Amino acid sequence: MTDWKAVAVGFVIILVIGTGGLSIPIIGQIGAGLVGGFAAGYLAGGTLGNGAWNGLVAGSLSGIAVTLLAALLGGLVGLAGGPLGSLLGGVGVFVVGIVLTLIFAIDSAIAGAVGAWVKG
């Protein structure tokens, strides 16, 4: 069962650390997913599966939020290229965002399982 309080804490941690992690591409984002997923799994407790699930949800929601924001910004920046530039800019960023969401989800799930294990 999803512990929404744990997911919300993990989500906020991922966004805060991920924002600071932009100065270190990829490594900063993976680190954010690990810390946020661990926090979500630790707060949720229970079995390894429960911790992994809550970490996965927190990481996925964070990735989706970042993807939507990046696609919006890419679309706005692409407006300089006209309507076609806007479409290509937004869609390109959206595809990259899907990969980012998967990265957040996978490492957050692993860290969530570890967090539940540490608590248990």
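This text gives an overview of the structure that appears in the document. No experiment lies behind these values; they were computed from the predicted model shown.

Notes on helix 2 (residues 27-44)
Then, in step 1: Helix length check: helix 2, at 18 residues, gives a terminal C-alpha distance of 26 Å against a target of 26 Å (1.5 Å per residue), a fit within 8%.
Then, in step 2: Here helix 2 has its buried residues at Gly28, Gln29, Ala32, Gly33, Gly36, Gly37, Ala39, Ala40, Gly41 and Ala44.
Then, in step 3: Phi for Gly45, located one or two positions after helix 2, is positive at around 65°.

Comments concerning the side chain of Asp107
Then, in step 1: Within the secondary structure layout, Asp107 lies in helix 4 (residues 82-119).
Then, in step 2: Buried charge without a partner: Asp107 forms no salt bridge, and the closest opposite charge is Lys119, 21 Å away.
Then, in step 3: Ignoring anything within four residues of it in the chain, the contact list for Asp107 reads Gln29, Ile30, Gly33 and Leu34.

Let's talk about the nonpolar core
Then, in step 1: Among the nonpolar cores identified, the biggest contains seven residues, and these are Val7, Ile14, Ala32, Ala40, Val57, Ala58 and Phe104.
Then, in step 2: When residues of this core are traced back to their parent elements, those giving at least two are helix 1 (4-20), helix 2 and helix 3 (48-78).
Then, in step 3: Leave out the neighbours within four places in its chain, and Val7 touches Thr2, Asn54, Val57, Ala58 and Leu61.

Description of the packing of helix 1 against helix 2
Then, in step 1: One way to put it is that helix 1 packs onto helix 2 with a least axis distance of 8 Å and a crossing angle of 160°. The orientation of helix 1 with respect to helix 2, classified from their angle, is roughly antiparallel. Helix 1 and helix 2 meet at a crossing whose hand is right-handed. Along the contact surface, helix 1 presents Ala6, Val9, Gly10, Ile13, Ile14, Ile17 and Gly18, while helix 2 presents Gln29, Ala32, Gly33, Val35, Gly36, Gly37, Ala39, Ala40, Leu43 and Ala44.
Then, in step 2: Each residue belonging to the contact of helix 1 with helix 2 can be placed in one class, and the counts come to 11 nonpolar, six polar and no charged.

Reading guide: rules and limits
- Per chain, residues are indexed from 1 in the order of the written sequence.
- Only residues with pLDDT of at least 70 get local features here, since the model is predicted, and only at 80 or more are side-chain atom pairs given and counted; chain-wide, interface and lining totals rely on the full set of residues.
- Based on all heavy atoms of the structure, the side-chain values leave hydrogens and waters out of the count.
- The numbering of helices and of strands both runs from the N terminus, where a helix is a DSSP run of H or I of at least 4 residues and a strand a run of E of at least 2.
- One less than the residue count of a helix, multiplied by 1.5 Å, gives the span that helix is expected to have.
- Classification of residues uses two cut-offs on accessible area relative to the type maximum, computed with a 1.4 Å probe and protein chains only: under 20% is buried, over 50% is exposed, and between them is partly exposed.
- As used throughout, the charge tally considers Lys and Arg to be positive and Asp and Glu to be negative, leaving His and the chain termini uncounted.
- Should a side-chain nitrogen of Lys or Arg be within 4 Å of a carboxyl oxygen of Asp or Glu, the pair is scored as a salt bridge.
- What makes two residues a contact is simply this: any of their non-hydrogen atoms within 4.5 Å.
- The set of buried Ala, Val, Leu, Ile, Met, Phe, Trp, Tyr and Cys residues whose side-chain atoms join them within 4.5 Å is what this entry labels a nonpolar core.
- Comment: axis = line fitted to C-alpha atoms, over the contacting stretch for helices; angle = value between 0 and 180 degrees taken between N-to-C directions.
- Roughly parallel means an angle under 35 degrees; roughly antiparallel, over 145; roughly perpendicular, 65 to 115; everything else is oblique.
- Put simply, a crossing is left-handed when the front helix is turned counterclockwise from the back one by less than a right angle, and right-handed when it is turned clockwise.
- Under the scheme applied here, ten amino acids are nonpolar (Ala, Val, Leu, Ile, Met, Phe, Trp, Tyr, Cys and Pro), four are charged (Asp, Glu, Lys and Arg), and all others, including Gly, are polar.

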